[in-house]
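Coordinates in review
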Amino acid sequence: MATAPRIKATLDAQKPGPVIVWLRTDLRLGDNPALEAACETGRDVLCVFILETDETLKARGGATRWWLHGSLLAIGRDIEKRGGRLVLCKGASRSLIPRICKAAGAAAIVWNRRYGEAERTLDAALKKQLQDDGLVAESFNSHLLYEPWEVTTKAGTPMRVFTPFWRAARQTHEPMTPRPAPKQIPDGKLAKVKLPDEVALDDLDLLPTKPDWASGMRDAWQPGETGAEKTLRTFLKTGIDGYAENRNLPDRPSTSRLSPYLKFGEISPRQIWHAVDHAAQNGTLKASADDVSKFLAELGWREFSYHLLFHFPKLGSENFQSKFDAFPWASDTAHLKAWQRGRTGYPIVDAAMRQLWVTGWMHNRMRMVAASFLIKHLLIDWREGEAWFWDTLLDADPASNTASWQWVAGSGADAAPYFRIFNPISQGQKFDTEGNYVREFVPELAKLPAKYIHNPWIAPKSVLDAAGVTLGETYPHPIVDHDRARQRALAAFKSIGTIDA
DNA sequence: TTTTGAGTTGTTCGA
DNA sequence: GTCGAACAACTCAAA
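Residues numbered from 1 in each chain as written. Chains lettered and ligands numbered in written order. Predicted model: local features only at pLDDT ≥ 70, side-chain atom pairs only at ≥ 80, totals over all residues. Heavy atoms only, no water.

Thoughts on the protein's contact with DNA strand C
For the record, the criterion: For this purpose, a residue is taken to be near a molecule or strand whenever a single non-hydrogen atom of the residue falls within 4 Å of it. We define a polar contact as two N or O atoms separated by no more than 3.5 Å, with the added condition that, inside protein, one atom must be a possible hydrogen donor and the other a possible acceptor, whereas residues neighbouring each other in sequence contribute only through side-chain atom pairs. Under this grouping Gly is polar, as are all residues other than the nonpolar Ala, Val, Leu, Ile, Met, Phe, Trp, Tyr, Cys and Pro and the charged Asp, Glu, Lys and Arg.
Taken together, Thr-153, Lys-154, Pro-158, Met-159, Arg-160, Val-161, Pro-164, Pro-417, Tyr-418, Phe-419 and Lys-494 are the residues near DNA strand C. Those atoms of DNA strand C that come within 4 Å of the protein belong to sugar or phosphate at a rate of 61%. Within the contact set of DNA strand C, a phosphate oxygen lies 3.2 Å away from a backbone nitrogen or oxygen of Val-161. Residue Tyr-418 places a side-chain N or O atom 2.9 Å away from a sugar or linking oxygen belonging to DNA strand C. Split by residue class, the surface near DNA strand C holds seven nonpolar, one polar and three charged.

Structure (structure tokens):
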């Protein structure tokens, strides 16, 4: 079933000329169907990446720009090692792609699919235009285990609930076996051709300068395919055993941390799936069946998010459940800013938001706690939270980010019950019992004993003094009272309860 | 068509 | 301290 993608047959009848590989969210050489198909033709191959400025596309967030710089550097070198080169451009792909094809004298262009509505519209228009111009233009799946249209209900409609979705998906077929990286990516005669609009990596201006806020990210991450492989190996060795339980503990390296690599396609979900599945089958994986299925279900949630985005393209901007259009959101810029900068006065929330700010990533459970706080304690519109995460997360994903924010808000598919309001004190005590996570990211509370680290406002003055904490000065008072905020949220949710969708 | 069971991750209260 | 119930009502998916 898992066969190499082919465009050779259609190309043989075509005019001579090289094949362009348009790289987008697939910045890897291994298990890259478009790249493999291009190399299989035996023709010269030219890899192109465009920093797209098309007006219909959502602008990239700041954190992902930093990551992208490292990714392009890495994949550029990897392509060179195989005898090719990566061409970088900046501009509207709508006009750049046809110009590049023409300048290179290309006979064919290939790419791997993306699933946002604007991206699909753009890609479809380009494909048609290029085919009309006499080129072979082909697209492939590299980003998902299952195409969003492959999984349906028995009635043929899109799925709206995760559990039946994941069950149905796994029954359609096994995820395809990942393909090896091509040994050679020869650019032949194109090596010396300077293409129009070609720029150097530094000219893309992806790195922050004034100020350089990326030092915490440099310490924590290695963008690129090699970094992805290392991260996966480490997770299989030390993270997946006990994953079902330990994934909830934010002070431990028990989650995979593969999300930024997946976002940019520096590893494919098929590679992850098979690495886990293969190791589990041949007994080299030390992990329970529950650990494995819980982890694979996280890939399932990513698939489900793409399924939703594909079938409901407004997932990022409109409430999935329209009754939420009447939700009484508050607009309080001081509260929003306190949340963004980790100054809410709730240590677990602040630790989470600062981890995001410094490292570009946040632990999964902490995402729920922080998101719940913004939506339910502050009653701020989930779209504000989504936008902040989009800008600050290295793994900011058009599907997962939006679907997850709507899930927490209760406005999404398969929504959480209205009464699921995380208590930031008990979540801290339960999942960061010793307070290690808070101490790491909220250093001004580091000397507090575990007993008070999640609710410093009830600590005796002597304890606060001994820890060097002065509430309202060295660390804020809680910006809202938990019990009152909870009651207010319950009332707000009740107010939209009976409005018909 | 109608019915039935189920739905990622929680909290609080009272016995 | 532990445990179970209550917390809205609704929608989805399959039989």
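Regarding the packing of helix α16 (residues 382–392) against helix α17 (residues 400–409)
Heads up, the condition is: Helix axes are fitted to C-alpha atoms over the stretch in contact, other axes to C-alpha atoms as well, and angles between N-to-C directions run from 0 to 180 degrees. Helix numbering and strand numbering both begin at the N terminus, where a helix is a DSSP run of H or I of at least 4 residues and a strand a DSSP run of E of at least 2. By the definition used in this description, the sense in which the near helix is turned from the far one sets the handedness, with an anticlockwise turn below a right angle giving left-handed and a clockwise turn giving right-handed. Should any heavy atoms of two residues lie within 4.5 Å, those residues are counted as being in contact.
At their nearest, the axes of α16 and α17 sit 10 Å apart, and the two run at 145 degrees to each other. Considering only the axes of α16 and α17, their crossing is right-handed. Facing α16, whose interface residues are Trp-382, Gly-385, Glu-386, Phe-389 and Trp-390, α17 presents Asn-401, Thr-402, Trp-405, Gln-406 and Ala-409. Looking at side-chain class alone, the contact of α16 with α17 contains five nonpolar, four polar and one charged residues.

Some remarks on the pairing of strand β4 (residues 108–112)
Quick note on the threshold: The classification of residues rests on relative accessible area computed with a 1.4 Å probe and restricted to protein chains. Under 20% of the type maximum is buried, over 50% is exposed, and intermediate values are partly exposed. Paired strands, as defined in this entry, are two strands with at least two bridges between them according to DSSP. Think of it like this: strands point away, you trace from the first strand over the helix to the second, and a clockwise trace means the crossover is right-handed.
When you tally the buried positions in β4, you get five out of five residues, the bulk of the element. By the alternation rule, side chains of β4 split into Ala-108, Val-110 and Asn-112 and Ile-109 and Trp-111, which are all buried. Summarising the sheet, β4 and strand β5 (residues 136–140) pair through five bridges and their orientation is parallel. Pairing of Ala-108 across the sheet is with Val-136, part of β5. The β-α-β motif built from β4, the intervening helix α5 (residues 117–132) and the parallel element β5 has right-handed crossover chirality.

Notes on the state of the cysteines
The cut-off we apply is this: Criterion for a disulfide: a pair of cysteine sulfur atoms at a distance within 2.5 Å.
Applying the stated rule across the entire model yields zero disulfides. Distance from the sulfur of Cys-39, which forms no disulfide, to the nearest cysteine sulfur (Cys-47) is 7.0 Å. Classification of Cys-39 by relative accessible area gives buried; the value is 19%. Among the cysteines around Cys-89, which has no disulfide bond, Cys-101 carries the closest sulfur, lying 11 Å off. A relative accessible area of 0% places Cys-89 in the buried class.

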